[in-house]
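Structure at a glance
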Amino acid sequence: MGLVIFGFIILVVGLNASRFSERLERLRGGLIFLGGALLLLGIALSTVVQVGVGQVGVQTLFGQVQSRVLPPGLSVVNPLVDVTRFDTRTQNYTMSAVRGEGQQAGDDAIRVLSADGLEVVIDLTVLYHVVPAQAPHILATIGEDYQDKIVRSISRTRIRDNAVYYDAVALYSTRREEFQARILAAIEKDFRTNGLQLDQLLIRNIQLPQSVKASIESKISAEQDAQKMQFVLQKEKQEAERKRVEAQGIADYQRIVNTELSDKLLQYETIKANQAIATSPNAKVIIMGGGRGATPQLLIGDK
């Protein structure tokens, strides 16, 4: 459009050159040609619009939004229209308690009240994209700042509305997935009404009050101690059983020995031992005292 205006000015100067100076009068033909060329070139260029990859263009003519959506690439349009480009790729909006992690500079976490009246802090990431065919509707009814007006406000409101049905501990543990599915359905419906498509909803963190968190940690610690004590008792029972079996084995052995052992058996074993010593090639002097009724023996051997 700037080239059209510049060409038009040069053309007007050329047509009225004689009114300004004799020098411009001599350049009148060149000025008219240059102005006309720039004017035509500007008009030609203003009728062609380029839309980038992952974008769509929405045309506005004299304040009226046109229903025709311009796809990525080159498109021929009315030179008087203004084209607003919308990104149709997946975008994310993060609300976090960590400074600098989300779109807002400070703490932007969502603080909600649970069913038991406790304040729970939730970090959330919303993945969404603009529906290309709904881009004119978004521009006409919401504007280009749809992220703040729709994504942020609806997400925070729906989370607060649904958190009141859950206790704080349930949100943190057992019913977290149920809560996420519930707010996903609610937000998706509102987004669709406003020309947006919700791709995914990620609950990144749920922070409980410090008192509740301490109670949970104490309970977990007590459960771990109980499990440890059960393990120790089981181990002691196994050790007691082992000792009982060992004692029973010793008692059985002693009973068998006392039953089978006799004087004749001992005398027989003594004779066998003496015979083995006597036939040994090593030199030896062995004096063996006899038991009751036995005669002492003296064995002298040499190599």
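Residues numbered from 1 in each chain as written. Predicted model: local features only at pLDDT ≥ 70, side-chain atom pairs only at ≥ 80, totals over all residues. Heavy atoms only, no water.

Following the criterion strictly, the structure yields three aromatic pairs and no others. Judged by centre distance (6.1 Å) and plane angle (25 degrees), the rings of Phe86 and Tyr146 are stacked. In this pair, Phe86 sits in strand β5 (residues 82-87) while Tyr146 sits in helix α6 (residues 146-163), placing the two residues 60 residues apart along the sequence. Look at Tyr146 and you get buried, because its relative accessible area is 7%. Measuring from centroid to centroid gives 6.3 Å for Tyr128 and Phe191, while their planes differ by 80 degrees, and the two rings are edge-to-face. Taken together, the positions of Tyr128 in strand β8 (residues 119-130) and Phe191 in helix α8 (residues 176-193) put the pair 63 residues apart, joining distant regions of the chain. Taken individually, Tyr128 and Phe191 each receive the classification buried, so the pair is uniform in this respect. (Phe/Tyr/Trp six-rings, centres within 6.5 Å; stacked < 30°, edge-to-face > 60°. Helix = DSSP H or I, 4+ residues; strand = E, 2+ residues; numbered from the N terminus. Buried < 20%, exposed > 50% of the residue type's maximum accessible area, 1.4 Å probe, protein only.)

Attention shifts here to α6. Along its 18 residues, α6 runs 25 Å from first to last C-alpha, staying within 8% of the 26 Å computed at 1.5 Å per residue. Of the positions making up α6, those classed as buried are Tyr146, Ile150, Val151, Ile154, Ser155, Arg156, Ile159, Asn162 and Ala163. (Expected span 1.5 Å × (residues − 1).)

Turning to the pairing of strand β7 (residues 110-113), a few remarks are in order. Because side chains alternate across β7, one face comprises the buried residues Ile110 and Val112, and the other comprises Arg111 and Leu113, none of which is buried. As paired elements, β7 and β8 share four bridges and run antiparallel to each other. Note that in β8 the partner of Val112 across the bridge is Val120. Linking β7 back to β8 in an antiparallel pair, the connection comprises five residues, with Gly117 at a positive phi of about 80 degrees. (Pairing = 2+ DSSP bridges.)

This part is about the nonpolar core. Counting 36 residues, the largest nonpolar core has Val126, Phe179, Phe191 and Leu196 as its most contacted members. Setting aside chain neighbours within four positions, we find Phe179 in contact with Ile122, Ile159, Asn162, Ala163, Tyr166, Leu171 and Ile203. Grouped together as the second largest cluster of nonpolar side chains are six residues, Val49, Val51, Leu70 and Val81 included. (Core = buried A, V, L, I, M, F, W, Y, C linked by side-chain atoms within 4.5 Å. Contact = heavy atoms within 4.5 Å.)

On to the pattern of salt bridges, then. For the coordinates displayed, the defined rule picks out 12 salt bridges. Asp161 is the partner of Arg158 in a salt bridge, and the nearest nitrogen-oxygen pair spans 3.4 Å. Residue Arg158 and its partner Asp161 are both found in helix α6; the two are separated by three residues, about one turn of the helix. Look at Asp161 and you get partly exposed, because its relative accessible area is 36%. (Salt bridge = Lys/Arg side-chain N within 4 Å of Asp/Glu carboxyl O.)

Another point: α8. Between its terminal C-alpha atoms α8 stretches 26 Å, which fits the 26 Å expected from 18 residues at 1.5 Å a residue. What α8 keeps buried is the set Phe179, Ile183, Ile187, Asp190 and Phe191. Take α8 and look down its axis: the buried residues cluster within an arc of 100 degrees, on one side only. Facing away from the buried side of α8, by more than 90 degrees, are the exposed residues Glu177, Lys189 and Thr193. Packing partners of the buried residues in α8 comprise β8, α6, α7 (168-172) and β9 (196-207). Of the residues flanking the end of α8, it is Gly195, one or two places downstream, whose phi is positive at about 85 degrees. (Arc of directions from axis to C-beta.)

On to the environment of Asp123. Position of Asp123 among the secondary structure elements: in strand β8. Sequence separation between Asp123 and Leu202 is 79 residues; the distance between their C-alpha atoms is 8.6 Å. In this view, Asp123 contacts Met95, Ser96, Ala97, Ala109, Leu202, Ile203, Arg204 and Asn205; residues no more than four positions away in its chain are not counted. A polar contact is formed between the side chain of Asp123 and the backbone nitrogen of Ala97, at a distance of 3.1 Å. (Polar contact = N/O pair within 3.5 Å; in protein donor to acceptor, adjacent residues only side chain to side chain.)

Let us look at the environment of Phe62. Note on placement: Phe62 falls in the loop between β2 (55-61) and β3 (64-70). Take Phe62: its relative accessible area is 69%, and that puts it in the exposed class. C-alpha of Phe62 to C-alpha of Val81: the two residues are 19 residues apart in sequence and 7.5 Å apart in space.

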